[in-house]
Amino acid sequence: MNAVSELSFHVEPGGALTGCIRVPGDKSISHRGIMLGAIADGVTEISGFLEGADSLATLGAFRDMGVGIEGPDAGCVRIDGVGMHGLQTPGADLDLGNSGTSMRLLSGLLAGQRFASTLVGDASLRARPMRRIIEPLARMGARIGSTDQGTAPLHIEPVESLLPINYAMPVASAQVKSCLLLAGLYARGETCVAEPAPTRDHTERMLAAFAYPVRRAGPRICITGGGRLSACRLDVPGDISSAAFFLVGASIAAGSDLTLEHVGVNPTRIGVLSILRAMGADIQVMNRRDAGGEPVADLRVRAADLKGIRIPQDQVPLAIDEFPALFIAAACARGETLLTGAQELRVKESDRIQVMADGLAVLGVEADPRADGIRIRGGAFGGGPVDSGGDHRIAMAFAVAGLRAGAPIEVRNCANVGTSFPGFAALAAEIGLAIEEARR
Ligand code: S3P
């Protein structure tokens, strides 16, 4: 049995979430800060960096390519940028663990290098679809090999330079968009990517912070290769995807009143706020401010009576990582919640529709999974042993379900919580969740 299956959460039923806390830094922004800082000219200083296994995998990969990086030390990282062409051949395969963002974004960046590299990952990452990046990168002249199933390991061969493309993405994916924009930095001419629906725009915002021009025209984002990035300071806001567990927890637990400080509220990430509010949640967005081109706010959330809704499809890409938590909100809501147009959930760190439906069934919640979503009927539910499938967000979602469960919940297979939210159980316990970690 490996380390991933050894950690469980034991959650006693009941309780309320109160207090004022800060969740760890945004994972998407932390990855991008390392990548752009590494290929910039000059020293980039990052504060608020997420010290989770996923962003540390990205950091480790750049160290393996010869980039001098100090830290992380209490969220501070100092990167001695090597410039656009200063990365060195890694001494070994780049192991990206569980991190899809590392693999997809790095593929774009490495496709334009003059050295070969191999990207590997854990069993979950090796099962995730990579053709969505391999095909457009191949059209740019990149040479990338994968398994016959289009999965990792990915072998990237050196090229002299890449060709620009004009690409209409078939799926609304910020990872694919970012991969192609990073490859576009190394292409001769202008690369344009059109998204079928808005997705997180951290790459575009951060390129601008590094003084690299990015042009946006409606759904198209364009970048011209051959420029340089200038180092900058980055302040990473708290991750709204981590805050989501407590937004749901405080909403469903009577007597809760919780403030989450310094959370990123980029408009391309706030689907969870829109969906919870449509369900009747009481969330106040306070002290809006800017942190290096990313909007930030404090969120106050109090318990509320939630009602089931039909989740608008245009909110799906804007809340793509928050559905495990939102399914728990749905299980606590009056009536039925229906999610459609969310087939992407089946190819995340786990098949999030099936694994959530299985766990909800253990608790006694009526949940009907479909190809592209799920129907959940809210009501009282019990406890029992739930398997997270090694998926960090599913583990945390079922932990907060304990606030409304009729009996203890044992969430199994929780070690990957450390990929995005190190210290989750301790922080959750501090604000009122009756959670204990058990290692076997
Ligand atoms: C991410 C994009 C999303 C999201 C993932 C992080 C990013 O993936 O689910 O957790 O940082 O660009 P997709 O682009 O596959 O939707």
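Cut-offs applied
- Residues numbered from 1 in each chain as written.
- Predicted model: local features only at pLDDT ≥ 70, side-chain atom pairs only at ≥ 80, totals over all residues.
- Heavy atoms only, no water.
- Disulfide = S-S within 2.5 Å.
- Helix = DSSP H or I, 4+ residues; strand = E, 2+ residues; numbered from the N terminus.
- Buried < 20%, exposed > 50% of the residue type's maximum accessible area, 1.4 Å probe, protein only.
- Phe/Tyr/Trp six-rings, centres within 6.5 Å; stacked < 30°, edge-to-face > 60°.
- Salt bridge = Lys/Arg side-chain N within 4 Å of Asp/Glu carboxyl O.
- Core = buried A, V, L, I, M, F, W, Y, C linked by side-chain atoms within 4.5 Å.
- Contact = heavy atoms within 4.5 Å.
- Near = heavy atom within 4 Å.
- Polar contact = N/O pair within 3.5 Å; in protein donor to acceptor, adjacent residues only side chain to side chain.
- Areas by Shrake-Rupley, 256 points an atom, 1.4 Å probe, with all protein chains shown as cover.
- Nonpolar A, V, L, I, M, F, W, Y, C, P; charged D, E, K, R; others polar.
- Domains from an automatic or database assignment.
- Pairing = 2+ DSSP bridges.
- Axes fitted to C-alpha atoms, helices over the stretch in contact; angles between N-to-C directions.

**Quick notes on the state of the cysteines**
Within the structure shown, the criterion is met by 1 disulfide. In this model Cys-192 forms its disulfide with Cys-222; the gap between the sulfur atoms is 2.2 Å. Residues Cys-192 and Cys-222 are joined through a disulfide that is right-handed, its torsion about the S-S bond being 115°. Placement of the pair is Cys-192 in strand β11 (residues 190-194) and Cys-222 in strand β13 (residues 220-224), with a sequence separation of 30 residues. Under the relative-accessibility criterion, Cys-192 is labelled buried at 3%. A residue is classified by how much of its surface remains accessible, and Cys-222, at 2% relative accessible area, is buried. Cys-179 forms no disulfide, and the closest cysteine sulfur to it belongs to Cys-192, at a distance of 16 Å. Looking at Cys-179, the relative accessible area reads 0%, which means it is buried.

**Points about the packing of aromatic side chains**
Following the criterion strictly, the structure yields 6 aromatic pairs and no others. A ring pair is formed by Phe-9 and Phe-424, whose centres lie 5.8 Å apart and whose planes are at 40°; its orientation type is tilted. With Phe-9 in strand β1 (residues 7-11) and Phe-424 in helix α13 (residues 424-430), this residue pair connects regions lying 415 residues apart in the sequence. Exposure remark for Phe-424: the relative accessible area of 1% places this residue in the buried category.

**Section: the pattern of salt bridges**
For the structure on display, the rule yields 32 salt bridges. Taking the shortest distance from any N to any O, the salt bridge between Asp-239 and Arg-269 comes out at 2.9 Å. Taken together, the residues Asp-239 in the loop between β14 (233-235) and α8 (240-252) and Arg-269 in the loop between β15 (257-264) and α9 (271-278) connect sequence positions 30 residues apart. The pair Asp-239 / Arg-269 is uniform in exposure class, with both members buried. A salt bridge links Arg-352 to Asp-321; the shortest N-O distance between them is 3.8 Å. Taken as a pair, Arg-352 in helix α11 (residues 352-363) and Asp-321 in the loop between β17 (294-302) and α10 (323-331) lie far apart in primary sequence, 31 residues in all.

**A few points about the nonpolar core**
In terms of nonpolar packing, the biggest core is built from 82 residues, with Phe-9, Phe-246, Leu-260, Leu-276, Phe-323 and Phe-424 touching the most fellow members. Counting residues per element, this core draws most heavily on α8, which supplies 9 residues. When near neighbours in sequence (up to four residues on either side) are disregarded, Phe-246 contacts Leu-17, Ile-21, Val-23, Leu-258, Leu-260, Val-301, Phe-421, Phe-424, Leu-427, Ala-428 and Ile-431.

**What about the site of the ligand?**
The immediate surroundings of the ligand are formed by Ser-28, Arg-32, Thr-101, Arg-104, Ser-173, Ala-174, Gln-175, Arg-200, Ile-320, Asp-321 and Lys-348. In the model, an oxygen atom of the ligand is placed 2.7 Å from a nitrogen or oxygen of the Arg-32 side chain. A total of 390 Å² of accessible area belongs to the ligand in isolation, and the protein chains cover 96% of it. Contributions of two or more residues to the shell around the ligand are made by α1 (27-38), α3 (100-111) and α6 (174-184). Taken together, the residues of the shell around the ligand break down into 2 nonpolar, 4 polar and 5 charged. If you count residues domain by domain, the shell around the ligand takes at least three from each of domain 1 (3-25 + 237-439) and domain 2 (27-235).

**Observations concerning the sheet that holds strand β7 (residues 117-120)**
Read across the open sheet, the 4 strands follow the order β6-β7-β9-β8; overall the sheet is mixed. In this open sheet, the two edge strands, each paired with only one partner strand, are β6 (94-95) and β8 (143-145). The sheet contacts of α3 involve β6, β7 and β9 (154-157), and relative to β7 the element is tilted by about 175°.

It is worth stressing that arrangement in space is one thing and function is another; only the former is reported here.
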